[in-house]
Amino acid sequence: MERIFEADVLFAPFFIYVRCAGEYSDADFLALFEVRNYKRKASVSHECQSAAISSVDGWMMLADDWGYTLWNRPATHRTIGRLAQQYDLFTCFLGDIDDSYHFVLYRDGRRIREYQWLCPALSPPRATIDYGIPLPGEAEANLQADHWKRIVEVAESLGLKGHRRESSIRYFAP
């Protein structure tokens, strides 16, 4: 992927939102995900290993790079499980070469919504996980042709706005 921002909105493949803003410094938040060697940077390239953090309206957001560095680390998924026991948490994931996407919302220590749409190369696209009651705005989001816009609309319907604006992003890389 070549674009980092689209219309001033961070374009990344994997986002983790945790309702814990103010409870962790950026370094401590990264350490929760066992990312300790990253340092603050003025900017990053779409080609490098990196992460982006923002804090807006009580939520912290952690965004992955296009190498799916965080997504591919088992520590990330263990940490999501631990944090979801304590905080409201929303994750969303985009495929890089197809229109697949996946999101999960945890509230009060429970998974309340999970949806996964797969677009395999040799078979028709389909929902492979559809757990819980659809979220507000989910039906409208599914009308979008672009899977990126679907994820953005679902996140925004939960009130997760402003996190991906370039002005609120703090970059980190090794």
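Each remark here, short or long, concerns the structure printed above.
Everything numeric here is computed off the predicted structure, so don't read it as measured data. (Residues numbered from 1 in each chain as written. Predicted model: local features only at pLDDT ≥ 70, side-chain atom pairs only at ≥ 80, totals over all residues. Heavy atoms only, no water.)

**Brief notes about the packing of aromatic side chains**
Applying the stated criterion across every chain yields a total of 13 aromatic pairs. Seen in terms of ring centroids, Phe-15 and Tyr-17 are 6.1 Å apart; in terms of plane orientation they differ by 20°. Their pairing is stacked. Here Phe-90 and Phe-103 contribute two aromatic rings whose centre-to-centre distance is 5.9 Å and whose plane-to-plane angle is 40°, an arrangement assigned as tilted. Here Phe-103 lies in strand E8 (residues 101-107) and Phe-90 lies in strand E7 (residues 89-94), a separation of 13 residues in the sequence. The residues Phe-90 and Phe-103 share a single accessibility class, namely buried. Three or more aromatic residues joined by ring pairs form one cluster here, namely Phe-15, Tyr-17, Phe-90, Tyr-101, Phe-103 and Tyr-115. Sitting over the ring of Tyr-131, Arg-111 keeps its end group 3.7 Å from the ring centre. (Phe/Tyr/Trp six-rings, centres within 6.5 Å; stacked < 30°, edge-to-face > 60°. Helix = DSSP H or I, 4+ residues; strand = E, 2+ residues; numbered from the N terminus. Buried < 20%, exposed > 50% of the residue type's maximum accessible area, 1.4 Å probe, protein only. Lys NZ or Arg CZ within 6 Å of the ring centre and 35° of its normal.)

**A word on helix H2 (residues 74-86)**
Taking 1.5 Å of rise per residue, the 13 residues of H2 would be expected to cover 18 Å, and the 19 Å separating its terminal C-alpha atoms lies within 8% of that figure. Residues of H2 that are buried: Ala-75, Thr-76, Thr-79, Ile-80, Leu-83 and Ala-84. Each buried residue of H2 lies within a common arc of 165° when the element is viewed along its axis, so the set occupies one face. Opposite the buried face of H2, by more than 90 degrees, sit the exposed residues Pro-74 and Gln-85. For H2, the elements touching its buried residues are strand E3 (14-18), helix H1 (26-32), E7 and E8. (Expected span 1.5 Å × (residues − 1). Arc of directions from axis to C-beta. Contact = heavy atoms within 4.5 Å.)

**A look at the sheet that holds strand E11 (residues 170-173)**
Strand order in the open sheet made by the 9 strands is E4-E11-E5-E6-E3-E7-E8-E9-E10, with antiparallel pairing throughout. Looking at strand neighbours, the two that pair on one side only are strand E4 (39-41) and strand E10 (126-132), the edges of this open sheet. The average angle at which neighbouring strand axes cross in this sheet is 15°, direction not considered. Where strand E9 (residues 110-118) lies against E10, 6 bridges are found, and the strand directions are antiparallel. If you follow Leu-118 over to E10, its bridge partner there is Arg-126. Most of the contacts of H2 go to E3, to which it runs at about 25°, and overall it touches E3, E7 and E8. Contacting E3, E7, E8 and E9, helix H4 (residues 147-157) crosses the sheet at an angle of about 175° to E7. (Pairing = 2+ DSSP bridges. Axes fitted to C-alpha atoms, helices over the stretch in contact; angles between N-to-C directions.)

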